[in-house]
Amino acid sequence: MVTRVRTVLGDIPAEDLGVCDAHDHLFLRTPLLPGQELDDPGRAQELLRGFHGLGGRSVVQWTPYGMGRRPGDLVALSRATGIQVVAATGLHQAAHYPEELLGRILPELEALFVRELTEGIGGTGVRAGLIKVAGSFHGIDAHARLTMTAAAGAHHRTGAPIAVHLELGTGALDVLDLLCGELGVDPGCVVLGHLGRFPDGMVQREAARAGAFLAFDGPSRANHATDWRLPDQLAELADAGFGGRLLLGGDTTVPGTPGMPHLLRRLRPRLEQALGKDLLHSVLVTAPARAFAFAAPREGPRP
């Protein structure tokens, strides 16, 4: 069976994903970052063209429901730049949303995720290609449990991968206990974000050993203090046998972040020295093709 990734222009064979920025944002809006919105299509096109000029071919945008995804602009940008863009459904932490909005959508959250994955976002017809949810600091609060339960249900119905924001890089094993232990999601369909921001090698190895993908998504202005450890962290995980579980992204969340071209212009040469060309090819090409491919939907009753 040919595995496929769902982009804003339609499904493609997973092997056609190419060099991939596995976690980024072209558009993002939240009341937690007033005045720092990512909402400029011209700037987004500039970043995508720069990424393409350096050999980049795909960008996975983790911006979830209600945070300014602009699906129509994602389509236009993909066509204009030749970059394959994957959009997200899902829900972030409660603090990013008005209470009235949460009260309206939470009772039907799984159905919302499924609709955006299979029919499209709003009335655009642009389908999401992954489900983005978020943990809380060193654990899972009631909101995270609710959103992850809905995400697991939508995953079982559609096969869509699940990407998880780990608050300051914490709570990875709690997330896997819930999603994969209680809710029956295959760990190979889970991408854990921000693990580099809490550089506990034992937790990283345990999460990789469980079968999840680990997204190292710097440089980030808010977490720059840990970015310099990236080559050593990836090398240590590769030496432990987990090179096929590693992903790389830019996580551009505010204007002024170095942006996706920086991954290939500056980080790629450093990582090639630390990891070697073959392993870096896995991080940028092979692993993303596996991580963001749709699995076969589950038949029969869910756990």
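Let us look at the structure shown here. (Residues numbered from 1 in each chain as written. Predicted model: local features only at pLDDT ≥ 70, side-chain atom pairs only at ≥ 80, totals over all residues. Heavy atoms only, no water.)

**Section: helix 5 (residues 142-158)**
Rules: Secondary structure counts use DSSP, requiring at least four H or I residues in a row for a helix and at least two E residues in a row for a strand, with both numbered from the N terminus. In a helix, the anticipated span is given by 1.5 Å times the number of residues less one. In this scheme, a residue with accessible area under 20% of its type's maximum is buried, one over 50% is exposed, and one in between is partly exposed, where area comes from a 1.4 Å probe on protein chains only. Contacts are assigned to residue pairs that have any heavy atoms within 4.5 Å of one another. Two N or O atoms form a polar contact when they lie within 3.5 Å of each other; inside protein one atom must be a possible hydrogen donor and the other a possible acceptor, and for residues adjacent in sequence the pair counts only when both atoms belong to side chains.
Relative to the 24 Å expected for 17 residues at 1.5 Å per residue, helix 5 spans 24 Å between its end C-alpha atoms, a close match to the ideal helical length. With respect to burial, helix 5 is a largely interior element, 12 of its 17 residues being buried. Along helix 5, the residues that are buried comprise His143, Ala144, Thr147, Met148, Ala150, Ala151, Ala152, Gly153, Ala154, His155, His156 and Thr158. The inward-facing, buried residues of helix 5 contact helix 3 (99-105), helix 4 (109-118), strand 7 (130-134), strand 8 (162-165) and helix 6 (172-182). Two to three positions downstream of the cap, the backbone nitrogen of histidine 143 sits 3.3 Å from a side-chain oxygen, assigning the N-cap of helix 5 to aspartate 141.

**A short note on the environment of leucine 77**
Considering the arrangement of structural elements, one finds leucine 77 in helix 2 (residues 71-81). The sequence separation of leucine 77 and leucine 26 amounts to 51 residues, and the corresponding C-alpha distance is 9.8 Å.

**Re the packing of helix 9 (residues 230-239) against helix 10 (residues 260-275)**
Formally: Note on method: axes are straight lines fitted to C-alpha atoms, helices fitted across the in-contact stretch only, with angles between N-to-C directions ranging 0 to 180 degrees. To sort the angles, those under 35 degrees are grouped as roughly parallel, those over 145 as roughly antiparallel, those from 65 to 115 as roughly perpendicular, and the leftovers as oblique. Should the near helix be turned anticlockwise from the far one by less than a right angle, the crossing is termed left-handed; should it be turned clockwise, right-handed.
Where helix 9 meets helix 10, the axes come as close as 9 Å, and the angle between the chain directions of the two elements is 40 degrees. It follows that helix 9 is oblique to helix 10 by the angle criterion. The hand of the helix 9/helix 10 crossing is right-handed. Facing helix 9, whose interface residues are Leu230, Pro231, Leu234 and Ala235, helix 10 presents Leu267, Arg270, Leu271, Ala274 and Leu275.

Spatial relationships are all this shows, so hold off on functional conclusions.
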